[in-house]
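Results of the structural survey
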Amino acid sequence: MSDQTPVLRLEGIVKTFPGVRALDGVSFSVLPGEVHALMGENGAGKSTLMKVLGGIHAPNEGQIFIAEEPTVMTSPMQAKAKGVVFIHQELSLADELSVAENIFLGELPLKGLGRVDWAKLYADTDAILQTLNVGFDARTRVGDLSIANQQMVEIGRALTVDPRAVIFDEPTASLTDAEKVVLFEVIADLQSRGVGIVYISHRMEEIFKITDRISVLRDGQYRGTLNTAETDEDEVTQLMIGRSLDLSRNESHHQMGDIALEVRGLGCGSLFQDVSFAVRKGEVLGFYGLVGAGRTEIAETIFGLRTPSAGQILLDGQEVHISSPIDALRLGISLVPEDRKSQGLVLSMNCRDNMTLPQVDDLTAGPFVSDGAEVAIFDQYRDKLDIRTPGWRQIVGNLSGGNQQKIVIGKWLSMRPEVLIVDEPTRGIDVGSKSEIHNLIRDLAAQGFAVIVISSEMPEVLHVSDRIVAMHSGRVMREFTSDEVTEDNLIQAISGITEKIA
Ligand SMILES: Nc1ncnc2c1ncn2[C@@H]1O[C@H](COP(=O)(O)OP(=O)(O)OP(=O)(O)O)[C@@H](O)[C@H]1O
Ligand SMILES: [Mg+2]
C-alpha cells in the first residue's frame, strides 16, 4: 500500500472556535481502497476535521491535498465535485421533500427549459436504492421514514457521483443489524473500486471488523495511527483516553426497596401486547431485544406519548392514568429518549437552558428565573457526565454529537425522577464516557431510583441490569435475573426461538 498516492491528505490542520482549540495541527491521510477509522472521545475533533475537509469550516492553518494536489475547499459541493463525499453525523435532509429530491438535491436532472426530468430522477434514485436494499421507493416523503431509513437516504446521496473518497461519520448509530450488513457491503464494494473510506465510529467491534488502519485524536491532537490487524481494543482505548478501562461491574450491593412501577397486561395496538413487569426502587431493569421489538413504544406509553389499548400502569401500588409527558413528569417518571436530537434538545439554545428547560417552573422565584440555581445544576451534571464545553453559554448546536447527548441525559437526571427510563443511553458515546454512564446508572439505583434501561447492546444490558426482560416482536419472551442470564439464552429469547415462558 505504501507506494500508493493517498486519495486525500490533511497536513497540520489547526481549527479554533471561540474558547476551543478543536484541532491542533492534525495530519491524516487515506489510501485508495482502504477503510481508515478515525477515533477519539466525544469532542476530540473528528467531525470538525471532516468538516474542514468538506469545506464547511475553513482551517486557521494547514493544507488539504486531494490526490496530492493542494486544494482549498470552500463548500461541500466543491468537495463533491472533487469526488469527496460525506455522510454526516447530523442528518441534513429536507423532511418535506421526496427521497429522490433529497438524494439529488442541487443536481436534479433537467430536460429542456430547465424543467426537472422526473422520470429520470425517479429511475436514477430507484437504482441507488436497489443497491442499498431498502424497503421504500424514490417517491416516499423523507419525513415519513424512520431515522434508520433517513440514514440510508443520506448514504444514497453519497452514491450519486463516482467518489474518490467517502466519509462516514457514525453511520451505524441508528441502523438495525440487517441495515448494517447492507452498509458494510456498500463499503466493501466502494473499497474494491479503489475508493478511500474514512469511518468514524465509537463501536470497537465494527472498527475491528471493517477497517485497515485506525487513527486516533485526543483533545484536538493527532495521537497516532495503528494497523488494525496488529492492535487491540485496549491499545486503541489507551491512545484515545490515556488509560485502560476497568470494565468490571460496579457492584453496588444495596438494598432494594418497594415496587416503584408496575405494568400489568399493557398493550398498544399492534405495537406490543400483554406486557407485564415491575421495577423496584434501587433496581436496574434492562430491556433487551432487536430494533423493532417494541421496547421504545412501551417506554413511550408509560411516559404518556402513546395511549395504551389495554392494561394498567401502577406507581407505588396505585393505578395511574398518564395521558401526556406532563402527567408522567408530575408523577415522577422521566424518559431519556432514543432520538435525542429531535426530542431532547433545542440546538440554538445554550447548554444551561437546555439542561434546565423542563424545570424552569420549580426554579422560578416569583417572576424571575434564578440564574444561579440553573448554573449550579448545569455545573453539577457537566462534572458528573464529563461534558466538554467551554462553559454554560455555549450553544448546544456547537457541541460535539456525543456531548449533545450528555446534555439531554443531564436534563432528565437533574429532575431527580423516581422512575427513570433511558432508551439506548450510550448510543454515539465514546468508550470512556460509556463506562461513566454505566456507573452513573448503577449509582442512581443505589440512591434509590428505579431505572429502566433499554438497549440493543448485549454487553451493556448484561453489565448494568439486575434483571433483564427479553422482548421479541411486541411480546415479553422471558425475564432473567442476573444470576441465570447467559448470552446464549438471551439471544434465544429475543430471536423468538424459544417459546414464551410465562
Ligand atoms: N461550530 C462550532 N462552534 C464552536 N465549537 C465547536 C463547533 N464545532 C465543534 N466545536 C467544538 O470543537 C470540539 C470538537 O468537536 P467535534 O464535533 O469535532 O468532536 P467529535 O470528535 O466529532 O465528537 P463526537 O464523538 O461527540 O461526535 C468540541 O469541543 C466542540 O464543542
Ligand atoms: Mg462527531
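Residues numbered from 1 in each chain as written. Chains lettered and ligands numbered in written order. Predicted model: local features only at pLDDT ≥ 70, side-chain atom pairs only at ≥ 80, totals over all residues. Heavy atoms only, no water.

Below, the discussion takes up the site of ligand 1. Every one of the 20 residues lining ligand 1 counts as a neighbour, but Gly43, Lys46, Thr48, Ser400 and Gly402 are closest to it. Taking a 2 Å distance to the grid points as the criterion, the majority of the atoms of ligand 1 fall inside the second largest pocket. Only strand S2 (20-30), helix H1 (46-53) and helix H15 (401-413) provide two or more residues apiece to the shell around ligand 1. A per-element tally of the shell around ligand 1 places H1 first, with three residues. In terms of residue class, the shell around ligand 1 is built from five nonpolar, twelve polar and three charged. Of the residues that make up the shell around ligand 1, three or more belong to each of domain 1 (8-241) and domain 3 (345-416). (Near = heavy atom within 4 Å. 1 Å grid on protein atoms, 1.4 Å probe; cavity = no way out; pocket = protein on both sides within 12 Å on 5 of 7 lines; lining within 4 Å. Sits in = over half its atoms within 2 Å of the grid points. Helix = DSSP H or I, 4+ residues; strand = E, 2+ residues; numbered from the N terminus. Nonpolar A, V, L, I, M, F, W, Y, C, P; charged D, E, K, R; others polar. Domains from an automatic or database assignment.)

Time to look at H1. In terms of burial, H1 is largely enclosed, as eight of its eight residues are buried. Those residues of H1 that fall on the buried side of the exposure criterion are Lys46, Ser47, Thr48, Leu49, Met50, Lys51, Val52 and Leu53. After H1 finishes, the residue Gly55 shows a positive phi value of roughly 80°. (Buried < 20%, exposed > 50% of the residue type's maximum accessible area, 1.4 Å probe, protein only.)

Turning to the pairing of strand S23 (residues 467-472), a few remarks are in order. Counting buried residues along S23, five of its six residues qualify, which places the element largely inside the surrounding structure. Between S23 and strand S24 (residues 475-481), which pair antiparallel one after the other, the connecting turn spans two residues, and Ser473 there sits at a positive phi close to 30°. (Pairing = 2+ DSSP bridges.)

A few words now on the sheet that holds strand S4 (residues 61-66). Across the sheet, four strands lie side by side as S2-S1-S4-S5; this open sheet has antiparallel pairing. Of all the strands in the sheet, just S2 and strand S5 (69-71) have a single pairing partner and so form its edges. Taken pair by pair, the neighbouring strands of this sheet meet at an average axis angle of 30°, ignoring direction. Set on the sheet, H1 makes contact with strand S1 (8-17), S2 and S4; between it and S1 the angle comes to about 115°. (Axes fitted to C-alpha atoms, helices over the stretch in contact; angles between N-to-C directions. Contact = heavy atoms within 4.5 Å.)

Volume-wise, the second largest pocket comes out at about 760 Å³. Counting residues per element, the ones that place at least two in the lining of the second largest pocket are S2, H1 and H15. Of the residues contributing to the lining of the second largest pocket, the split by class is nine nonpolar, 18 polar and nine charged. (Points joined across faces, edges and corners; volume = space filled by probe spheres on them.)

Each domain of the chain was delimited in the assignment, giving domain 1 (8-241), domain 2 (256-332 + 418-429 + 445-502) and domain 3 (345-416). Summarising the inter-unit geometry, the C-alpha centres of domain 1 and domain 3 are found 30 Å apart. Contact residues are listed per partner, giving eight residues for domain 1 and eight residues for domain 3. Roughly 530 Å² is buried in total at the junction of domain 1 and domain 3, and carbon and sulfur atoms are behind 42% of that figure. Counting across the interface, domain 1 meets domain 3 through two salt bridges. Residue Arg388 pairs with Asp219 through a salt bridge whose shortest N-O separation is 3.4 Å. Here domain 1 and domain 3 share three residue pairs in polar contact (both at pLDDT 80 or more) between them. (Buried area = accessible area lost by both parts, 1.4 Å probe. Salt bridge = Lys/Arg side-chain N within 4 Å of Asp/Glu carboxyl O. Polar contact = N/O pair within 3.5 Å; in protein donor to acceptor, adjacent residues only side chain to side chain.)

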